[in-house]
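Examining the three-dimensional arrangement
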Amino acid sequence: TDSVIATGVTWAGKSNVIECDSWDDQGNTQTGYYALLDNGDVALYLGPLTTGIVTQWLTLPFTSGGPVSTTIEDLSQDFGGGSSERVTEVATYSHGPDTTIMVQGTTLNLKQVIGIYVVTQSVTTPGFPTQTTSTLLPPFHYYWASAIGFAGGSRFVSTDGFGNTMIETQTLTRYTLK
């Protein structure tokens, strides 16, 4: 469940920001911030979440189309004796095909942005060449309902610990405009 708490907020150097609270099915809550940009894109505030996550405003190019690339994670660890590891995650966001959703008997047009994420891990061990591996994650799909200025949903595919494909979907099911 998501609720808009305040509008017109100034947050992390950006004005006219919308503050939201989200609750998961276990009752945990999290506060998030987004801004509607003049060109119709949406900026989401990321961070500080955990060590390595790059605090920033992420631009999702729902109107401009993108692509927009940014580093989401950059974590270096020194294990001593010259051994170290660096993990980076780079995201590229681009406009995808628009779609519609039926909510409370109303058809809402949804703009789509597709996020492509690449995680790169570099491990350095004295006496051995640095080993670097890159992993392309399945695409994430983000949907935006401009008519109500709110997220219409998201979808991504993942694999569980047993190798089974899982499709994670969040869909707007109801809303109230004030």
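For the structure itself, consult the block above.
A brief report on the enclosed structure follows. (Residues numbered from 1 in each chain as written. Predicted model: local features only at pLDDT ≥ 70, side-chain atom pairs only at ≥ 80, totals over all residues. Heavy atoms only, no water.)

**Focus on the nonpolar core**
- Counting residues in each nonpolar core, the largest one holds 24 residues, and the members touching the most others are Tyr-34, Phe-62, Ile-72, Tyr-93 and Leu-108.
- For this core, the elements supplying multiple residues, two or more each, are strand 2 (14-23), strand 4 (42-46), strand 5 (56-60), strand 7 (83-103), strand 8 (106-124) and strand 10 (140-145).
- Discounting residues that sit within four places of it in the chain, Tyr-34 has contacts with Val-4, Val-17, Ile-18, Cys-20, Val-42, Ala-43, Leu-44, Trp-57, Trp-144, Gly-149 and Phe-150.
- Counting 6 residues, the second-largest nonpolar core is a separate cluster that includes Val-9, Val-17, Ala-35 and Trp-57. (Core = buried A, V, L, I, M, F, W, Y, C linked by side-chain atoms within 4.5 Å. Buried < 20%, exposed > 50% of the residue type's maximum accessible area, 1.4 Å probe, protein only. Helix = DSSP H or I, 4+ residues; strand = E, 2+ residues; numbered from the N terminus. Contact = heavy atoms within 4.5 Å.)

**Section: a nonpolar patch on the surface**
- On the surface, a cluster of nonpolar side chains totalling about 240 Å² of accessible area is made up of Ile-116, Val-118 and Leu-136.
- Take Ile-116: it is sitting in strand 8. (Patch = residues over 30% accessible without salt bridge, like charges linked within 9 Å, V, L, I, M, F, W, Y side chains within 5 Å. Areas by Shrake-Rupley, 256 points an atom, 1.4 Å probe, with all protein chains shown as cover. Salt bridge = Lys/Arg side-chain N within 4 Å of Asp/Glu carboxyl O.)

**Here we look at the pairing of strand 6 (residues 68-80)**
- Pairing analysis gives 11 bridges linking strand 6 to strand 7, with the strands arranged antiparallel. What sits directly across from Ser-76, in strand 7, is Arg-86.
- Where strand 6 folds back onto strand 7 in an antiparallel hairpin, the turn is made up of 2 residues, including Gly-81, whose phi is positive at roughly 65°. (Pairing = 2+ DSSP bridges.)

**Section: the packing of aromatic side chains**
- Counting across every chain of the model gives 10 aromatic pairs.
- What links up through ring pairs into an aromatic cluster is the set Trp-11, Tyr-33, Tyr-45 and Trp-57.
- Here the basic side chain of Lys-14 rests over the ring of Trp-57, its NZ or CZ set 5.5 Å away from the ring centre. (Phe/Tyr/Trp six-rings, centres within 6.5 Å; stacked < 30°, edge-to-face > 60°. Lys NZ or Arg CZ within 6 Å of the ring centre and 35° of its normal.)

**Some remarks on unusual backbone geometry**
- Residue Pro-67 follows Gly-66 across a cis peptide bond; omega there is 5°.
- Tracing the backbone shows Pro-67 in the loop between strand 5 and strand 6.
- Phi is positive for Ala-12, which is not a glycine, with a value near 50°.
- You can see Ala-12 is positioned in the loop between strand 1 (2-11) and strand 2.
- With a relative accessible area of 44%, Ala-12 lands in the partly exposed category.
- One non-glycine residue, Asn-16, adopts positive backbone phi at about 60°.

**Remarks on the pattern of salt bridges**
- Enumeration according to the criterion identifies 1 salt bridge in this entry.
- Between Arg-86 and Asp-74 there is a salt bridge, with the nearest N and O atoms lying 2.8 Å from each other. One end of the pair, Arg-86, is in strand 7; the other, Asp-74, is in strand 6, with 12 residues separating them in the sequence.

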